[in-house]
Amino acid sequence: MSTLIKLRKGLNIKLAGKAEKILLPEVEVTRFGVRFADFPGLVARLDVQEGDRVMAGSVLFHDKACPEIKYVSPVSGVVREITRGEKRVLREVVIDQQGTEKVDFGVADPLSLSREEVTDKLLKSGIWPVLRQRPYHVVAKPGAVPRDIFISAFDTAPLAPDIDFVMSNTHGGHLQTGINALSRLTDGRIHISQEAGGSRAAGMKSLQNVEVHYFKGPHPAGNVGVQIHHIAPVSKGELVWTLDLQDVVAIGRLFNTGLHDRERIIALAGPGVNHRKYHRIRPGASVSGILKGNLMEGNYRVISGNVLTGKTISPEGSFGFYDNMVTVIPEGNYHELFGWATPGLKKFSYWRTFLSKLIPGREYEMDTNLHGGNRAFVVTGHYENVLPMDIYPIHLIKAIMAGDIELMENLGIYEVAEEDFALCEYIDPSKTEIQEIIRSGINLMIKEMN
Amino acid sequence: MNFLLKQMKNIEPLFKKGGRFEKLHSVYDGFATFLFVPDKVTSRGAHIRDYMDMKRTMIIVVLALMPALLFGCYNIGLQHTRAFGINDWTLMHMFWFGFLKLLPMIIVSYLVGLGIEFVAAQIRGHEINEGYLVTGMLIPLIMPIDVPLWMVAVSVAFAVIIGKEIFGGTGMNVLNPALTARAFLFFSYPGWMTGDAIWIEGLVKGGGLDGFSGATPLAVAKLEGMANMPSAMEMFIGTIPGSVGETSVVAILIGAFILLVTGVGSWRIMLSMTLGALGMGLLLNATGGNEYTQIPAYYHLIMGGFAFGTVFMATDPVTAAQTNTGKYIYGALTGILVVIIRVFNPAYPEGTMLAILLMNVMAPLIDHYVVNANIRRRLKRVTTA
């Protein structure tokens, strides 16, 4: 049985520069990297040194707190360098691709395996970190049994790839195998949330062992956290897992071919690129391949991910572990005379103080200017309008700032991730770093609860 | 523009740490960001941000105050001509007269208030808050025109320091700063804030027409009975004695329209406060009690500072209830209290200011219960699951 859930709250940011639905083959690049910052809260222990030879699927580092969780190389090659930041914090393991050796983890039918065997295979192959848990939105702990597993099958973020287009170019068989593997990990259900109207992709129509839900509404309707909240919210003491649809395919591929291969289809979008198309790419690959000769002249920011939650990378930087798009937008380091007082015909805004509100349907160029200075919270009643959850955003944020664990728990910290608050941060006239506050609250909870 | 920007950048080092005018950094910053939106880019979190900022939020409110301000200028002149029996002034003449009377008050309000804000920002190392742009305009509009300027200055200083800065500045205050200023004057210098003469320019010094009373409709209703009150139409348009910006309901409604269309003001508070006052008025009409209870309920909406308070004061997002449900309760209770104070309090004819200040204090309590309901919903899920 499936249900249609309609959400009214939220906001679709009308950013210009959507990708055309044309899929290009994978571009060869030699530089690959696995970034530690992609895994919030991770304290890593290295398993390789500079100069070591690795295969696709060789362990690069593991979680100090939970050594079974391994992070592996996406390609075969040589570890060129391990970069560190301030206080010698690990930043990235950089690999030069050479050859095509792959670790073979063995073909298996997940339905014939036990829970432990499936878990073991996911851990050994280094594909495990694609599973993330709520509460906290961090890599799932092996050994725990989640109540349910949630998969979002659409993305509503600005310029996000059309998952339907992605899936219609993806092997449907792997998807079903992936679902089967996941079904061994939980006693509950596997929930897939699709956009209202359902998917047209062949592989999506005939899925077995899943419960399908339909969502209708603006961003963040595609966020898995919002979907969980409306399907079966996470209460204190409960645990659910989430993962990206394309990673379900990767898990299926692992069982069907025995290889760690997370090749995925991503969108290259934004006003800063000439040819906005879909690309095949492996996480960790340098984006220089798809950006080569494609970047516009001028000062642009390359983002791995979408404009609300992505990470800034250099034009040679590595594509993020969890991302499904690359966005390029202009930097906003300019002064604007009386910018705060202009009528705003060309300025997209959530607020009705800009004349652009009178023109529906137009798309806008946006840059990285903060458009104001940092202030205390003044405005009320609007943050709720872009957060379709039964949560009081400002009260939760203030509880986090005050470090009040009990209040944070009562106000719903277990249900949220920073991405769910990205729109609150976007519309905030006080320019508060809301996503960072949410993450710091989650980190505090993790520390206090263990 | 480029020239201006270059000049600005040229003098910037003087205000940086170690510069000659380091102590004036917040002043420089305030003016620089007023002229130019800074070139600061996002470094963490969302890469794009809305164009809306605190300056724009505040300037919308100031814009919404303009109709009330302009009408107030005209009305100062109009009331002056009536009190002194002047017959030959044109509309422009009256407006200009009022404008010149009001201007010093606005200047004093901004000079004192912004001065304190600059100092506070410098001490805290923050950027200047724009909140005072609104407060500084509100204060002259809720004063009687004949109040001495030094009193304005003292009340502004009290409101900004005691009412706001000691709590941590804009966004942290419990009481509406503009109303704090007015309440301070109201209790410190009652002779200058109440009575019949203070509302009309020059009348305090005497020399008005024989038998002319400058009493506000509220005072008339209280002291002389309803029969002598101005007509509802006059009160609606605003050609009556009163604080500078509060008299014209029409002008205030234009402001309300601006606040509601832009979404800057809370329709929940405006609606519930109006319904609260109207409901309480109707209830008193039905029950009776004293003579004052017989005033038609809708009179409460057009008399005194009710309209101004509803649109510009009660809706202050910092001091009002912050949850949507809380806003309904807060607004309705404020409206009810206004009418109760007006009708049953023997000392003050007007209740809007005190009702809003009292509810400012209550607002966190209302929010507390609303948020608790949310917490209980969440806990219930655990126990029933």
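Note that residues are indexed from 1 along each chain, following the sequence as it is written. Naming scheme: in the order in which they are written, chains are lettered from A and ligands are numbered from 1. In view of the model being predicted, local features appear only for residues whose pLDDT reaches at least 70, and side-chain atom pairs are presented and counted only at 80 or more, with totals across whole chains, interfaces and linings using the full set of residues. The side-chain quantities take in all heavy atoms of the structure and omit both hydrogens and water.

1. Details of the overall build of chain B
Then, in step 1: Strands are runs of DSSP state E lasting at least 2 residues, helices are runs of H or I lasting at least 4, and numbering of each runs from the N terminus. If you tally the helices and strands in chain B, you get 16 helices and 1 strand.
Then, in step 2: Here the globule rule is a power law, 2.2 Å times the number of residues to the power 0.38, and the radius of gyration is based on C-alpha atoms. For 385 residues, the compact-globule estimate of 2.2 N^0.38 gives 21 Å, and chain B sits close to it at 23 Å.
Then, in step 3: Along the three orthogonal principal directions, the C-alpha set of chain B runs to about 70 × 65 × 35 Å.
Then, in step 4: Residue burial is assigned from relative accessible area. The probe radius is 1.4 Å, only protein chains are included, and a residue is buried under 20% of its type maximum, exposed over 50%, and partly exposed in between. Residues counted as buried form 57% of the 385 residues belonging to chain B.

2. A look at the overall build of chain A
Then, in step 1: What chain A contains, in helices and strands, is 11 helices and 21 strands.
Then, in step 2: The C-alpha radius of gyration computed for chain A amounts to 21 Å, which stays within 12% of the reference 22 Å derived for 450 residues, consistent with globular compactness.
Then, in step 3: The C-alpha extent of chain A, read off along each of the three principal axes, is 65 × 50 × 50 Å.
Then, in step 4: Taking all 450 residues of chain A together, the buried fraction comes to 61%.
Then, in step 5: In what follows, residue pairs with any heavy atoms lying within 4.5 Å of each other are defined as contacts. In chain A, 69% of the contacts between residues at least 6 apart in sequence involve partners at least 24 apart.
Then, in step 6: Using a 1.4 Å probe, accessible areas were evaluated by the Shrake-Rupley method; residue-level cover was limited to the displayed protein chains. Approximately 17,200 Å² of chain A is accessible, and the part contributed by carbon and sulfur atoms is 50%.
Then, in step 7: Positive charge is attributed to Lys and Arg, negative charge to Asp and Glu, and no charge count is given to His or to the chain ends. A single reference atom marks each charge: NZ on Lys, CZ on Arg, CG on Asp, CD on Glu. Charge separation in chain A, taken as the distance between the mean sites of 51 positive and 53 negative side-chain charges, equals 3 Å.

3. Observations concerning the sheet that holds strand β15 (residues 240-244) of chain A
All names here are of chain A.
Then, in step 1: By this definition, two strands are paired if DSSP reports at least two bridges between them. Taken in spatial order, the 7 strands of this open sheet run β1-β14-β13-β12-β15-β10-β11, and their pairing is mixed. The two strands at the open ends of the sheet, each matched to only one other strand, are β1 (3-6) and β11 (138-139).
Then, in step 2: The pairing of strand β10 (residues 132-134) with β15 spans 3 bridges and is antiparallel. Paired with R134 across the strands is V240, a residue of β15.
Then, in step 3: Here helix α3 (residues 172-183) sits on the sheet in contact with β12 (149-152), β13 (190-195) and β15, set at roughly 140 degrees to β13. Geometry is summarised by axes, namely lines fitted to C-alpha atoms with helices restricted to the contacting stretch, and by angles between N-to-C directions that run from 0 to 180 degrees.

4. Description of the domain arrangement of chain B
Residue and element names in this part refer to chain B.
Then, in step 1: What the domain assignment lists for chain B is domain 1 (21-37 + 53-221) and domain 2 (266-385).
Then, in step 2: Distance between the C-alpha centres of domain 1 and domain 2: 25 Å.
Then, in step 3: Across the contact, 24 residues belong to domain 1 and 20 residues belong to domain 2.
Then, in step 4: Carbon and sulfur atoms make up 82% of the surface buried where domain 1 meets domain 2, a total of about 1,800 Å² over both sides.
Then, in step 5: The term buried area refers to how much accessible surface (probe radius 1.4 Å) is lost by two components on association, counted for both of them together. Per-residue buried area on domain 1 facing domain 2 is highest for N176, L179 and L218; these three make up 34% of the total on that side.
Then, in step 6: We define a salt bridge as a side-chain nitrogen of Lys or Arg found within 4 Å of a carboxyl oxygen belonging to Asp or Glu. The tally of links between domain 1 and domain 2 comes to 0 salt bridges. Throughout the structure description, domain borders are defined by an automatic or database domain assignment.

5. Notes on the pairing of strand β8 (residues 77-84) of chain A
Residues and elements named next belong to chain A.
Then, in step 1: As defined by bridge partners, strand β5 (residues 53-54) adjoins β8 across 2 bridges and the pair is classed as antiparallel. Of the residues in β8, the one forming a bridge with R53 is V78.
Then, in step 2: Sheet analysis places β8 next to strand β9 (residues 90-97), joined by 7 bridges and oriented antiparallel. Paired with I82 across the bridge in β9 is V93.
Then, in step 3: Between β8 and β9, which pair antiparallel one after the other, the connecting turn spans 5 residues, and K87 there sits at a positive phi close to 55 degrees.

6. Description of the packing of helix α3 (residues 54-84) of chain B against helix α5 (residues 131-141) of chain B
Residue and element names in this part refer to chain B.
Then, in step 1: Across the interface, α3 lies against α5 with an axial gap of 8 Å and an inter-helix angle of 15 degrees. One element, α3, and the other, α5, form an angle in the roughly parallel class. Here α3 and α5 pass one another in a crossing that is left-handed. Contacts between α3 and α5 pair M58, V61, V62, L65, M66 and L69 from the former with G131, L133, V134, M137, L138 and L141 from the latter.
Then, in step 2: Residues are grouped as follows: Ala, Val, Leu, Ile, Met, Phe, Trp, Tyr, Cys and Pro are nonpolar; Asp, Glu, Lys and Arg are charged; every other residue, Gly included, is polar. For the contact of α3 with α5, the residue count by class is 11 nonpolar, 1 polar and no charged. The labels follow the angle: roughly parallel below 35 degrees, roughly antiparallel above 145, roughly perpendicular from 65 to 115, and oblique for the rest. Each crossing gets its handedness from the near helix: less than a right angle anticlockwise from the far helix is left-handed, clockwise is right-handed.

7. A short note on the environment of M55 of chain A
Then, in step 1: As for its position among the elements, M55 of chain A is in the loop between β5 and β6 (59-63).
Then, in step 2: For the pair formed by M55 of chain A and E409 of chain A, sequence separation is 354 residues and the distance between their alpha carbons is 43 Å.

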